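Here is what each chain is made of, one letter per residue.
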Amino acid sequence: MLEKLRSFADIGRTQGITTSASVAIIGALTSTIPVEWYHILYLTILSIFAHMVLNTYIALGDVELDAQTYVPSRNPVISGLLSRREAMLFFYAGTIVCLLLIALLLFSVDSLFVLLCFLCSIPAFGSLIWYGWKGKKVIISYDFTFSISYTFFVLFGVFAVGGMPTTYTWIFIGVVIFAATAFAQWENGLKDVDADRSVGVKSFAVVTGVRNNQKLHLKHPYFLYGCSLKI
């Protein structure tokens, strides 16, 4: 039982839950409404389920890819510790929990804000479903789908507390897009480029001819793109 629970934790990338939760919480903190402890608790619980089910779905689509990377053990479906059926059941159950948690907002904020939360959840959740399904094999989609998802999750946090976006919200969205998502994908594209290429992934690293174990020269477009993101 303990090993099975650990497998769900591994496939759901639990180590990243605090990052996902922080995105929504900081979004709430930038809103026009003061944030209470129960807002933080709510957004954390929602983030736990949303983060894990989305990473589970993405991991199921990455079985062939992960088998070729330097750490195939990060995907328990490859090692047989978790079956595809178990992973998909977890995905469906977790998605239902997320929807129920959004519906619970009806007891704390005006219905207009619940509607706004639901509308934000569609691109926040749906874009990563697209990423796990076909998005990796569409140019630009690999590198910016997480940016789209995190942008709308910031706005979800704003509306979940019954607030509206402020200047600080839009500044934070810019930081999230360029620091926490686009550059993270730049790094992922760099380290997994050969494996990505073999399964048809269209990352910027692949299309600009990056190769594993080959140093990027200063004028390489992928090097310049990474520098611009860091700046």
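Above this text sits the structure in question.
Keep in mind the model is a prediction, meaning the values are calculated, not measured.

**Q** How would you sum up the overall build of the chain? Please name residues and give values.
**A** Across its full length, the chain carries 12 helices and 0 strands. Taken from the N to the C terminus, the helices and strands of the chain come in the order α-α-α-α-α-α-α-α-α-α-α-α. Taken against the 2.2 N^0.38 rule, which gives 17 Å for 231 residues, the C-alpha radius of gyration of the chain at 18 Å falls within 12% of a compact globule. Along the first, second and third principal axes, the C-alpha set of the chain runs to 55 × 45 × 25 Å. The buried share of the chain, reckoned over its 231 residues, is 48%. Taking all contacts inside the chain whose residues are at least 6 apart in sequence as the whole, residues at least 24 apart take part in 68%. As displayed, the chain has an accessible area near 12,000 Å², and 69% of this comes from carbon and sulfur atoms.

**Q** Could you give me a rundown of the nonpolar core, with the residues and numbers involved?
**A** By size, the foremost hydrophobic cluster in this structure holds 43 residues, and its most contacted members are Y42, L43, L46, L105, F156, F159 and A160. With residues up to four places along the chain from it excluded, the contact list for L43 reads A24, I25, A28, F156, G157 and A160. Within the second largest apolar cluster, 12 residues are counted, among which are A182, F204, V210 and Y225.

**Q** I'd like to hear about the packing of helix α3 (residues 37-61) against helix α6 (residues 84-103), residue by residue, with values.
**A** Relative orientation of the contacting elements α3 and α6 amounts to 150°, with a least axis distance of 9 Å. What the angle tells us is that α3 and α6 run roughly antiparallel. The element α3 and its partner α6 pack so that their crossing is left-handed. On the side of α3, the interface is formed by Y42, I45, L46, F49, A50, M52, V53, T56, Y57 and L60, while α6 contributes R84, A87, M88, F90, F91, G94, T95, V97, C98, L101 and I102. Of the residues that constitute the contact of α3 with α6, the class distribution is 17 nonpolar, 3 polar and 1 charged.

**Q** Any chance you could break down a nonpolar patch on the surface for me, citing the residues and the numbers?
**A** Taken together, the side chains of W37, Y38, L41, I45, I48 and F49 make up a nonpolar region of the molecular surface, amounting to roughly 590 Å² of accessible area. Residue placement: I45 occurs in helix α3.

**Q** How would you summarise helix α9 (residues 167-191) if you had to cite specific residues and measurements?
**A** Look at α9: 35 Å from first C-alpha to last across 25 residues, which is about the 36 Å you get at 1.5 Å a residue. At V176, α9 is bent by approximately 35°, the largest bend along its length. Every buried residue belonging to α9 is among T169, F172, I173, V176, I177, T181, A182, F183, Q185, W186 and G189, and all of these are buried. The elements touched by buried residues of α9 are α2 (17-29), α7 (111-133), α8 (141-160), α10 (193-198), α11 (204-207) and α12 (221-230).

What counts, and where the lines are drawn
Residues numbered from 1 in each chain as written. Predicted model: local features only at pLDDT ≥ 70, side-chain atom pairs only at ≥ 80, totals over all residues. Heavy atoms only, no water. Helix = DSSP H or I, 4+ residues; strand = E, 2+ residues; numbered from the N terminus. Rg over C-alpha atoms; globule rule 2.2 N^0.38 Å. Buried < 20%, exposed > 50% of the residue type's maximum accessible area, 1.4 Å probe, protein only. Contact = heavy atoms within 4.5 Å. Areas by Shrake-Rupley, 256 points an atom, 1.4 Å probe, with all protein chains shown as cover. Core = buried A, V, L, I, M, F, W, Y, C linked by side-chain atoms within 4.5 Å. Axes fitted to C-alpha atoms, helices over the stretch in contact; angles between N-to-C directions. Parallel < 35°, antiparallel > 145°, perpendicular 65-115°, else oblique. Left-handed = near helix turned anticlockwise from the far one by under 90°. Nonpolar A, V, L, I, M, F, W, Y, C, P; charged D, E, K, R; others polar. Patch = residues over 30% accessible without salt bridge, like charges linked within 9 Å, V, L, I, M, F, W, Y side chains within 5 Å. Salt bridge = Lys/Arg side-chain N within 4 Å of Asp/Glu carboxyl O. Expected span 1.5 Å × (residues − 1). Bend = angle between axes of the 7 residues up to and from the residue.

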